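Observations on the three-dimensional arrangement
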Amino acid sequence: MILLVDIGNSRIKWAQLRGNRPAEFDSITRGKTGIKRDISRVWKDLKDINRVVVANVGGDRIGDQLTECTQNYWQVTPEFLTARANSYGIHNAYETPEHLGIDRWLGLIAVRQRYRNFRKNGAICIVDCGTAITVDLLAADGNHLGGLIIPGITSMSQILSDHTNGIGIISESEKKGDTLLANTTDTAVTGGALYAAASFIDRVSSDAASEIKGEFKRVITGGDALRILPLLLDKYDHLPNLVLWGLAQVARNTRTKVTHESEDTSDHCEDKSAHSTETVEA
Ligand SMILES: Nc1ncnc2c1ncn2[C@@H]1O[C@H](COP(=O)(O)OP(=O)(O)O)[C@@H](O)[C@H]1O
Ligand SMILES: CC(C)(COP(=O)(O)O)[C@@H](O)C(=O)NCCC(=O)O
Ligand SMILES: [K+]
């Protein structure tokens, strides 16, 4: 069995490759410096793992800990992916391609596969709402046009807690009801972060759309997608676990030729097309 692992700066997400697609999605919040205890708890029951394909943006120390775990559990050394200049029909916009976050690169790969019949001269805007919020633009011809990065919702609250006396660690509190403005410190900070994120996403996607002649599609993913979606002005396709879908594509394209598992035709990520107010189960 092939294990697909997405290590972000806040959470570790994983799935198993079933034919051409990821299945049995799971995730945990991870420690800042150590993940061995976190993953030993949840991976001890995983059996017959013969490959581990990894997107890691958490740094080498975290990667080394993952390697120690997979070698202990399954005698398998993980395959750590890095962004490339060109592959899967995508041209990386970065001056130094490997500096593009591997999560962002795999998101581009997954989106290109998901919308492979996308019309000429259009573009797709990919928003990933995690520890950081990233926006990337992928032209229909496969050119990655670049992107932007801001702190995520939790990171913005963390900044205020670290730099002010009056604001402490914010609990995962939302504004009560649908009032525009908040009446407690926690909800003022959380509400402000949500509005900052939504305004950033609305403005960047709107400015990008004005430069694109053809069809313009908006995609959103990441752990905070569902919190931000209700505040967005435009329609988004909510594609959960986008990075794991990208990992599935790369894993099956680098599968050892020996294993000829049944090819699953539907090899693109589920489309939970979402209006800016809700995610509809596909
Ligand atoms: N089950 C959960 N437990 C904790 N946080 C969650 C959970 N689901 C979603 N989140 C939200 O997702 C965010 C992390 O999203 P994610 O895309 O996994 O981040 P990253 O890839 O940066 O690790 C957290 O900051 C939190 O707000
Ligand atoms: C921007 C990110 C920190 C996002 O990571 P995440 O929020 O998923 O933890 C990650 O994509 C990253 O480390 N990128 C490298 C820098 C860059 O993409 O320019
Ligand atoms: K991410």
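Described in the following lines is the structure provided in the data block. Note that this is a predicted model, so its numbers are computed, not measured.

1. Overview of the site of ligand 2
Neighbouring ligand 2 are 14 residues, the closest being Asn9, Tyr94, Asp103, Arg104 and Ala132. The separation between an oxygen atom of ligand 2 and a polar side-chain atom of Arg104 is 2.8 Å. Within the backbone of Thr131, one N or O atom sits 3.2 Å away from an oxygen atom of ligand 2. Here ligand 2 has 460 Å² of accessible area as a free molecule, and 77% of this is covered by the chains. Breaking the shell around ligand 2 down by element, the ones donating at least two residues are helix H3 (102-114) and strand E9 (132-139). In the shell around ligand 2, the residues fall into five nonpolar, seven polar and two charged. Residue-level mapping places the shell around ligand 2 at the junction of two domains, with at least three residues from each of domain 1 (2-80) and domain 2 (86-241).

2. Digging into the pattern of salt bridges
The full count for this structure, using the stated rule, is eleven salt bridges. Between Lys36 and Glu68 there is a salt bridge whose closest N-O contact spans 2.9 Å. Here Lys36 is found in helix H1 (residues 36-43), whereas its partner Glu68 is found in helix H2 (residues 60-74), with 32 residues between them in sequence. On the basis of relative accessible area, Glu68 is assigned to the partly exposed category, the value being 38%. Across the pair Asp237 and Lys235 runs a salt bridge whose closest N-O atoms are separated by 2.8 Å. According to the relative accessible area criterion, Asp237 is buried, its value standing at 3%. Several salt bridges share partner residues, and in doing so they unite Lys217, Lys235 and Asp237 into one network.

Rules and cut-offs
Residues numbered from 1 in each chain as written. Chains lettered and ligands numbered in written order. Predicted model: local features only at pLDDT ≥ 70, side-chain atom pairs only at ≥ 80, totals over all residues. Heavy atoms only, no water. Near = heavy atom within 4 Å. Polar contact = N/O pair within 3.5 Å; in protein donor to acceptor, adjacent residues only side chain to side chain. Areas by Shrake-Rupley, 256 points an atom, 1.4 Å probe, with all protein chains shown as cover. Helix = DSSP H or I, 4+ residues; strand = E, 2+ residues; numbered from the N terminus. Nonpolar A, V, L, I, M, F, W, Y, C, P; charged D, E, K, R; others polar. Domains from an automatic or database assignment. Salt bridge = Lys/Arg side-chain N within 4 Å of Asp/Glu carboxyl O. Buried < 20%, exposed > 50% of the residue type's maximum accessible area, 1.4 Å probe, protein only.

Limitation: the analysis is restricted to geometry and does not speak to function.
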